[in-house]
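# Descriptive structure summary
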Amino acid sequence: MDYKNAGVDIEAGYKAVELMKKHIASTMRDEVLTGIGGFSGAFSLKEFKKMEQPALVSGTDGVGTKLKIAFEMDKHDTVGIDCVAMCVNDIACAGGEPLFFLDYIACGKNEPEKIASIVSGVAEGCRQSDAALIGGETAEMPGFYPENEYDLAGFAVGIVDQKNMITGSQIKPGDVLVGIASSGLHSNGFSLVRKVFDISKEGLNKTYESLGGKTLGETILKPTVIYVKTLRTIKEGGVTIKGCSHITGGGFYENIPRMLHNGVHAYIKTDSYEIPPVFGMLAKDGDISRDAMYNTYNMGIGMVIAVDEADADKAVNLIKVSGHEGFIVGEVVEGEKGITLA
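Residues numbered from 1 in each chain as written. Predicted model: local features only at pLDDT ≥ 70, side-chain atom pairs only at ≥ 80, totals over all residues. Heavy atoms only, no water.

## Describing the sheet that holds strand β9 (residues 326-334)
Reading across from one edge, β6-β8-β5-β9-β7-β10 is the order of the 6 strands in this open sheet, with mixed pairing throughout. Edge positions in the sheet fall to β6 (243-246) and β10 (338-341), since each of these pairs with one other strand and no more. On average, adjacent strands in this sheet sit at an angle of 25° to one another, irrespective of strand direction. In terms of strand pairing, strand β5 (residues 176-181) meets β9 through 5 bridges, oriented antiparallel. Looking at β9, one finds that valine 178 is bridged to isoleucine 328. Packing of helix α3 (residues 79-93) onto the sheet brings it into contact with β6 and β8 (301-307), and relative to β6 it is tilted by some 165°. (Pairing = 2+ DSSP bridges. Helix = DSSP H or I, 4+ residues; strand = E, 2+ residues; numbered from the N terminus. Axes fitted to C-alpha atoms, helices over the stretch in contact; angles between N-to-C directions. Contact = heavy atoms within 4.5 Å.)

## Considerations on the packing of helix α1 (residues 10-25) against helix α4 (residues 112-129)
In contact at an axis separation of 8 Å, α1 and α4 are set at 25° when each is read in the N-to-C sense. Viewed along their axes, α1 and α4 adopt a mutual orientation that is roughly parallel. Of the two possible hands of crossing, α1 and α4 adopt the one that is right-handed. Across the interface between the two elements, Ala12, Lys15, Ala16, Leu19, Met20, His23 and Ile24 from α1 touch Pro112, Glu113, Ile115, Ala116, Val119, Ser120, Ala123 and Arg127 from α4. The class makeup of the residues in the contact of α1 with α4 is 10 nonpolar, 2 polar and 3 charged. (Parallel < 35°, antiparallel > 145°, perpendicular 65-115°, else oblique. Left-handed = near helix turned anticlockwise from the far one by under 90°. Nonpolar A, V, L, I, M, F, W, Y, C, P; charged D, E, K, R; others polar.)

## So, the environment of alanine 342
Inspection of the secondary structure assignment puts alanine 342 in the segment after β10. Taking the relative accessible area as the measure of exposure, alanine 342 reaches 43% and is therefore partly exposed. Taking the C-alpha atoms as reference points, alanine 342 and serine 272, 70 residues apart in sequence, are found 10.0 Å from one another. Each residue touching alanine 342, except ones within four places of it in the same chain, is listed here: Tyr267, Ile268, Lys269, Thr270 and Arg290. (Buried < 20%, exposed > 50% of the residue type's maximum accessible area, 1.4 Å probe, protein only.)

## Topic: the packing of aromatic side chains
Applying the stated rule across the entire model yields 6 aromatic pairs. Plain terms: the ring middles of phenylalanine 71 and tyrosine 150 are 4.9 Å apart, the flat faces sit at 75° to each other, and that makes the pair edge-to-face. Remark: tyrosine 150 occurs in strand β4 (residues 150-161) and phenylalanine 71 occurs in helix α2 (residues 67-73); sequence separation between them is 79 residues. By relative accessible area, tyrosine 150 is classed as buried at 4%. (Phe/Tyr/Trp six-rings, centres within 6.5 Å; stacked < 30°, edge-to-face > 60°.)

## With respect to helix α12 (residues 312-321)
Of all the residues in α12, the buried ones are Ala312, Ala315, Val316, Leu318 and Ile319. Seen end-on, α12 carries its buried residues on one side only, within an arc spanning 165°. Every exposed residue of α12 that faces more than 90 degrees away from the buried side is listed here: Asp313, Lys320 and Val321. Check the buried side of α12 and you find it contacts β5, α8 (228-236), β8 and β9. Where α12 terminates, the next one or two residues include glycine 323, which has phi positive at roughly 105°. (Arc of directions from axis to C-beta.)

## Here we look at the nonpolar core
Ranked by size, the top nonpolar core spans 95 residues in total, and within it Ile220 and Phe252 carry the most contacts. A per-element tally of this core places α3 first, with 10 residues. Once residues within four sequence positions are removed from consideration, phenylalanine 252 is found in contact with Ile247, Pro257, Ile268, Tyr273, Tyr294, Tyr297, Asn298, Met299, Ile301, Ile339 and Leu341. Among the nonpolar cores identified, the runner-up in size contains 9 residues, and Phe43, Phe48, Leu99 and Phe100 belong to it. (Core = buried A, V, L, I, M, F, W, Y, C linked by side-chain atoms within 4.5 Å.)

See the structure below:
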């Protein structure tokens, strides 16, 4: 009896590392001090000494049951983008710039090509956010996970000068709420998605005119938008972001109030932009109420920022310059901390 007979293939682990090295290399930054294969990843902060009060900001998250769609479609090169996005978007909400990322993959059986495919998506997410992939772990756990399944989570660290942190403390009545478009469902609410839609291979491969002729599978597996560079473009364009909400689990109702302080209220005009058809399809097929949809999903808006009224149009234009769509979706009014959808 040996470890391989017990279900853990060390050689497969070595091969997976070799296959993923090229993806990892594509994310490197000058500040990275270590290579792949060590016990830890090291990152120099020397270049950030010029900041008056440098502060580290961090985020950690996973992909959740969206992975079930990847399993069924046998497509594993995009969920890594989701994993990075869920972490670095939270960092960006605080005004931070992501520095580095680490991933954790737990699987029932280490299939090197599949693991490398997952990491290729992680690396793509890191490139989109200018974060270095400086380490990670692949844990083969036979008997704990089915052979063809895995879980994926990650952890990111960023930096911001404390004076530039986005805290929401300066939000005032009259400020404008600007939404940045999502790519669709992103990576939340998939336990409900899997209850409503047929996620068999046949169901996922079915095309729908309402989805632009795309299959259900490619529509709901589309990766989460990474907003790091878009928020950077807005700030570098001279617009002060007073508050920022990443619309993840809990939808509008939970996430938008997180950037508000006592005494201000968010008023959202739900007809101010076009909601992607997948949300209407989900609500109809699942008989899901409007409030439940806005309490679970991003409804086509992945990030909401609060800006001065005079900067609203400029912010929308800068979002467009960055390659995304922006919309004026509401305003801040005086009142109890919370949100009203009109």
